[in-house]
Amino acid sequence: EKGEPGGGYYDPRYGGSGVGAPGVPGPPLHLIALNSPQTGSMRGIRGADFLCFTQAQAIGMKGTFRAFLSSRLQDLHSIVRKTDRQNLSVVNLKDEVLFDSWDDIFSGGRMKENVSIYSFDGKDVLHDNTWPEKMVWHGSTSRGERHVDSFCETWRVGEQVLTGMASPLQSGSLLQQSSSSCFSSNVVLCIENSAGHSRR
């Protein structure tokens, strides 16, 4: 009878993260990395979205996850619904707040100090050697709009001579403007864009 039913996802620090505080409606949005780095060749945006979907499902997360990428027909900023862009915090796998809101990411916001981004299988991306290059693919301008010719031919090509827009994770900003060879294996992030969370 003691403890949380199912116990698996209960975290006593959860209440201290600002989640569920007065004036913070709705559950937060999770930002989680794919379990391994990817070159610019991801079978397009649908291929990247599918990896996000399957890896989230594998750990029992109920929300819908999409790749944190711009492409020919998609601006990164628009992935999260307008109604959720300002009032929901963005958290990591452990429900620790990374950004106060989705919009924060696109207005020069930096990640909270001492809070890590984790992969779906629980690795700390910045400190785990699964990712030798600590660069995050995004293919966007600093405002989250698609960056023409900087998304590895719509995330289908891993050629050395082509480039995609990426950001060094150490900077704390996810939208720094660094050109990375599409041959490079970089971090791919997934953002939850609809509530349906497995964690209460």
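Residues numbered from 1 in each chain as written. Predicted model: local features only at pLDDT ≥ 70, side-chain atom pairs only at ≥ 80, totals over all residues. Heavy atoms only, no water.

**Student:** Before we go on, may I ask you to explain the side chain of S89 in this structure?
**Tutor:** Mapped onto the elements, S89 comes out in the loop between β2 (64–67) and β3 (90–91). Given the relative accessible area of 9%, S89 is considered buried. If near-sequence neighbours (up to four positions away) are discounted, S89 is found in contact with P28, L29, V97, F99, D100 and S101. (Helix = DSSP H or I, 4+ residues; strand = E, 2+ residues; numbered from the N terminus. Buried < 20%, exposed > 50% of the residue type's maximum accessible area, 1.4 Å probe, protein only. Contact = heavy atoms within 4.5 Å.)

**Student:** Help me understand the environment of P37, please; the structure alone is not making it clear to me.
**Tutor:** Mapped onto the elements of the fold, P37 is located in the loop between β1 (29–33) and α1 (44–58). Residues P37 and V188 lie 151 residues apart in sequence; the distance between their C-alpha atoms is 6.6 Å.

**Student:** Sorry, what's going on with the state of the cysteines here?
**Tutor:** By definition, a disulfide links the sulfur atoms of two cysteines through a covalent bond. Applying the stated criterion to the full structure yields two disulfides. Put simply, C52 and C190 are joined by a disulfide, and their sulfur atoms are 2.0 Å apart. An S-S torsion of about -80° defines the bridge between C52 and C190 as left-handed. With C52 in helix α1 and C190 in strand β8 (residues 189–194), this pair connects stretches of sequence that are 138 residues apart. Given a relative accessible area of 0%, C52 falls into the buried group. Linked covalently through their sulfurs, C152 and C182 form a disulfide whose S-S length is 2.1 Å. For the disulfide bridge between C152 and C182, the dihedral angle about the S-S bond is near -95°, and by the sign convention the bridge is left-handed. Linking C152 in helix α3 (residues 152–155) with C182 in the loop between β7 (178–181) and β8, this pair joins segments that are 30 residues apart in sequence. Taken individually, C152 and C182 each receive the classification buried, so the pair is uniform in this respect. Ordinal numbering of bonded cysteines along the chain defines a disulfide pattern of 1-4, 2-3. (Disulfide = S-S within 2.5 Å.)

**Student:** Any chance you could explain α1 here in plain terms?
**Tutor:** For an α-helix the count is 3.6 residues per turn, leaving residues at separations of three or four pointing the same way. With 15 residues, α1 extends 22 Å between its outermost C-alpha atoms, agreeing within 8% with the 21 Å of an ideal straight helix rising 1.5 Å per residue. Three or more residues of α1 are buried, namely G44, I45, G47, A48, D49, C52, Q55 and A56. (Expected span 1.5 Å × (residues − 1).)

**Student:** Would you explain the sheet that holds β2 in this entry?
**Tutor:** Whenever strands of a sheet pair, they do so through backbone hydrogen bonds, lying parallel or antiparallel. One open sheet holds the five strands; their spatial order is β2-β8-β1-β3-β4, and the pairing between them is mixed. Edge positions in the sheet fall to β2 and β4 (97–99), since each of these pairs with one other strand and no more. Most of the contacts of α1 go to β2, to which it runs at about 145°, and overall it touches β2 and β8. (Pairing = 2+ DSSP bridges. Axes fitted to C-alpha atoms, helices over the stretch in contact; angles between N-to-C directions.)

**Student:** Is there a simple way to think about the packing of aromatic side chains in this case?
**Tutor:** By the definition in use, this model includes five aromatic pairs. Each ring, one from F65 and one from F120, has its centre 5.5 Å from the other, and the planes form 80°; the classification is edge-to-face. With F65 in strand β2 and F120 in the loop between α2 (102–105) and β5 (135–137), the pair connects residues that are 55 residues apart, well separated along the chain. On the basis of relative accessible area, F65 is assigned to the buried category, the value being 2%. Ring pairs connect the aromatic residues F68, W102 and F106, which therefore count as one cluster. (Phe/Tyr/Trp six-rings, centres within 6.5 Å; stacked < 30°, edge-to-face > 60°.)

**Student:** Looking at this structure, I do not really get the confidence of the model for the chain. What am I missing?
**Tutor:** Do not read the fine detail of predicted coordinates wherever pLDDT is low. Of all residues in the chain, 84% attain a pLDDT of 70 or more, and the chain-wide mean is 87. Of all the helices and strands in the chain, β8 carries the lowest mean pLDDT, 92, while β5 carries the highest, 98. In the model, residues 1–22 has pLDDT below 50 throughout and makes 15 contacts with residues more than four positions away in sequence or in other chains. (pLDDT = per-residue confidence, 0-100.)

**Student:** Quick question: what am I supposed to make of the pattern of salt bridges here?
**Tutor:** Side chains carrying opposite charge are able to pair once their charged atoms draw close together. Tallying each qualifying case throughout the model produces six salt bridges. R81 serves as the salt-bridge partner of D84, at 3.1 Å between the closest nitrogen and oxygen. Residue R81 is classed as partly exposed on the basis of its relative accessible area of 44%. Linking D121 and K123 is a salt bridge whose minimum nitrogen-to-oxygen distance equals 2.7 Å. Taking relative accessible area as the criterion, D121 reaches 43% and is therefore assigned partly exposed. (Salt bridge = Lys/Arg side-chain N within 4 Å of Asp/Glu carboxyl O.)

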